[in-house]
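Next come the chains, spelled out residue by residue.
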Amino acid sequence: MNKLHLPSKIHSFVAAAIITAASASILYQTGSAHAETDTVTGIKRGAQLYDNWTKFVKNAPETNHPLYPETSSKKGIATQRCKECHGWDYQGREGRYKSGSHYTGIKGILDQKDRKENDIAATLNGGLKGHDFSPYLTAADQDALVSFIRFGISPFVALSEKESSDTEMRDLGKKEYATHCASCHGDDGLAIDFKPKAEGVQGIGYLARENPQESIHKIRWGHPGSSMPSMVVDAGLDEVRIRSLLIYSTTLE
């Protein structure tokens with residue numbers, strides 16, 4: 001097989017932002033205030049909390065988040081999710097959620113990754129009025145979120161036509177899918193219906209084509225409250241293989 005290549009702009013993000021199990025287990029020096037959760041496992045936990053922290057607590061509020069705009073369309077516990085305002089691509093109003101049913105006008109968090117850990121932690125604990133998660137999240141979970149924001153996020157890079165049609169990448173993705181995904185999602189990607197109330201089954205292929213931002217987040221970090229593994233942490237896949245999974249997934253029904 002010839003050597004696989006990603007678009008050059010992806011490489012500048014991946015080395016610093018996507019941490020593989022093979023390359024690191026602890027990211028800070030032991031003197032860090034957050035050292036105990038600065039592992040790939042902590043980042044995985046933080047990523048799943050970002051996805052839907054309400055899955056991990058028993059006292060999640062059923063009301064709208066205090067900072068969720070009254071003019072936006074979501075209601076109740078859904079508005080508590082980090083991704084609901086900041087987006088699957090972490091770009092908020094500048095990214096996929098710049099319009100549509102998820103629009104809030106709230107900024108993303110890509111610029112937060114360069115802040116000091118204690119400053120990010122303070123924002124999660126009410127340093128920003130109305131943005132206090134301390135009644136719900138443990139200190140360890142707050143640290144995990146800080147780790148994810150600092151080390152787990154990277155700008156979303158859309159699949160190019162050339163990348164999507166690369167047969168080597170598709171073949172590699174098919175192999176990784178058979179190894180890591182087919183046992184739950186089925187060979188055709190339809191074993192789990194993500195939108196059971198919609199007409200027809202909406203499986204892996206539908207999600208990968210319609211919302212690649214969400215797809216790659218979950219491929220990398222797993223799905224909260226489920227047995228879905230993180231391809232970064234549990235499978236130890238590098239970014240080439242992760243993107244090959246996304247590419248192959250778009251070919252499914």
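See the structure above.
Residues numbered from 1 in each chain as written. Predicted model: local features only at pLDDT ≥ 70, side-chain atom pairs only at ≥ 80, totals over all residues. Heavy atoms only, no water.

Chemist: Explain the overall build of the chain to me, and be specific about the residues and the numbers.
Modeler: Within the chain, the regular secondary structure consists of eleven helices and zero strands. Burial analysis of the chain (253 residues in total) assigns 49% to the buried set. Of all intrachain contacts in the chain linking residues separated by at least 6 positions in sequence, the fraction that spans at least 24 positions is 61%. Element-wise, carbon and sulfur atoms account for 51% of the exposed surface of the chain, whose accessible area totals about 12700 Å². (Helix = DSSP H or I, 4+ residues; strand = E, 2+ residues; numbered from the N terminus. Buried < 20%, exposed > 50% of the residue type's maximum accessible area, 1.4 Å probe, protein only. Contact = heavy atoms within 4.5 Å. Areas by Shrake-Rupley, 256 points an atom, 1.4 Å probe, with all protein chains shown as cover.)

Chemist: Lay out the environment of Ile 153 in plain terms, naming residues and giving numbers.
Modeler: Checked against the element boundaries, Ile 153 lands in the loop between helix 5 (139–151) and helix 6 (161–164). According to the relative accessible area criterion, Ile 153 is buried, its value standing at 0%. As a C-alpha pair, Ile 153 and Lys 113 span 40 residues in sequence and 7.7 Å in three-dimensional space.

Chemist: Residue-level account of the pattern of salt bridges, with values.
Modeler: On inspection of all chains with the given rule, the structure shows twelve salt bridges. Where Arg 241 meets Glu 176, a salt bridge forms, and the shortest distance between an N and an O atom there is 3.3 Å. Separated by 65 residues along the polypeptide, Arg 241 in helix 11 (residues 239–249) and Glu 176 in helix 7 (residues 167–180) bring together distant segments of the chain. For Arg 241, a relative accessible area of 32% gives the class partly exposed. Residue Glu 176 is classed as buried on the basis of its relative accessible area of 9%. The partner of Glu 239 in a salt bridge is Arg 220, and the shortest N-O contact between them spans 2.5 Å. (Salt bridge = Lys/Arg side-chain N within 4 Å of Asp/Glu carboxyl O.)

Interpretation in functional terms is not warranted from these geometric data alone.
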